[in-house]
Amino acid sequence: MPLMPKRVKFRKTQRGARDGVSTRGSELNFGEYGLKALENGWLKNNQLEAIRVVLARRLHGGGKMWLRVFPHKSVTKKPAETRQGKGKGDLDHWVAVVKRGRILVELGGVPEAIAHEAFRMCAYKLPFSVKLVKRAH
């Protein structure tokens, strides 16, 4: 079952602006290491699930993981080779709106080398560039 909201007030949403900087959710709140977005974009529900799976496998049941984004926005798509008009397309997938500076995932209770390697594997799955951030002790 893909990540998606249990219920929404409106099924179809407008695209909105992808520019700007994340003011909230840009600090580490839970773990010692985080994955921070360096660009703006949409993170699809299957991409978020892919990084969750990668982290779960790399941690081997050790440490703790916090997902800091959730796909609340619906994206619609009209079928290929369809004429214009006849209303907005059907719901295709869900996305999380990610602005630059946003912490996507946090890890705790693991050595830095493992966190670094795990986040490097996650970076391949993401549609924008990211960097590892550490908690300042």
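Note that the structure is a prediction, hence the values are computed from the model and not measured.

Visitor: If you had to explain the sheet that holds strand β6 (residues 103-108) to someone new, which residues and values would you point to?
Guide: One open sheet accounts for 4 strands, arranged β3-β6-β1-β7; its pairing is antiparallel. For this open sheet the edge positions go to β3 (64-67) and β7 (130-134), each flanked by a neighbour on one side alone. Direction aside, neighbouring strands of the sheet carry axes that sit 20° apart on average. Both strand β1 (residues 33-37) and β6 contribute to a ladder of 4 bridges, which runs antiparallel. What sits directly across from Y33, in β6, is L107. Those strands touched by helix α1 (residues 45-59) are β3 and β6, and its axis lies near 170° from that of β3. Strand contacts of helix α2 (residues 112-125): β1, β6 and β7, with the helix running at about 25° to β1, the strand carrying the most contacts.

Visitor: Explain α2 to me, using residue names and the numbers behind them.
Guide: In this model, α2 (14 residues) spans 20 Å end to end at C-alpha, consistent with the 20 Å of a helix rising 1.5 Å per residue. When we look at burial in α2, the residues that qualify are A115, A118, F119 and C122. Along the axis of α2, the buried positions cluster into a sector of 100°, meaning they face one direction only. With respect to the buried face of α2, the exposed residues turned more than 90 degrees away are A113 and Y124. Buried positions along α2 lie against β1, α1, β6 and β7.

Visitor: Explain the packing of α1 against α2 residue by residue, including any values.
Guide: The N-to-C vectors of α1 and α2 enclose an angle of 155°; their axes lie 9 Å apart at closest approach. When the axes of α1 and α2 are compared, the pair comes out roughly antiparallel. Considering how the two elements wind past one another, α1 and α2 form a crossing that is right-handed. For the pair α1 and α2, the contacting residues are Q47, A50, I51, V54, L55, R58 and L59 in the first and I114, E117, A118, F119, M121, C122 and K125 in the second. A per-class count over the contact of α1 with α2 returns 10 nonpolar, 1 polar and 3 charged.

Visitor: Residue-level account of the sheet that holds strand β4 (residues 73-77), with values.
Guide: Taken together, 3 strands build an open sheet; the order of strands is β2-β5-β4 and the sheet is antiparallel. Every other strand in the sheet has two partners, leaving β2 (41-44) and β4 as the edge strands with one partner each. Each strand of the sheet is rotated relative to its neighbour by a mean of 50°, with strand direction disregarded. Taken together, the 5 bridges between β4 and strand β5 (residues 90-98) define a ladder with antiparallel strand orientation.

Visitor: Describe in detail the side chain of T76, supporting the description with residues and values.
Guide: Mapping T76 onto the fold places it in strand β4. A residue is classified by how much of its surface remains accessible, and T76, at 12% relative accessible area, is buried. At 3.5 Å, the side chain of T76 forms a polar contact with the side chain of K88. Contact partners of T76, with chain neighbours within four places excluded, come to K12, R15, K88, G89, D90, L91 and D92.

Thresholds applied
Residues numbered from 1 in each chain as written. Predicted model: local features only at pLDDT ≥ 70, side-chain atom pairs only at ≥ 80, totals over all residues. Heavy atoms only, no water. Pairing = 2+ DSSP bridges. Helix = DSSP H or I, 4+ residues; strand = E, 2+ residues; numbered from the N terminus. Axes fitted to C-alpha atoms, helices over the stretch in contact; angles between N-to-C directions. Contact = heavy atoms within 4.5 Å. Expected span 1.5 Å × (residues − 1). Buried < 20%, exposed > 50% of the residue type's maximum accessible area, 1.4 Å probe, protein only. Arc of directions from axis to C-beta. Parallel < 35°, antiparallel > 145°, perpendicular 65-115°, else oblique. Left-handed = near helix turned anticlockwise from the far one by under 90°. Nonpolar A, V, L, I, M, F, W, Y, C, P; charged D, E, K, R; others polar. Polar contact = N/O pair within 3.5 Å; in protein donor to acceptor, adjacent residues only side chain to side chain.

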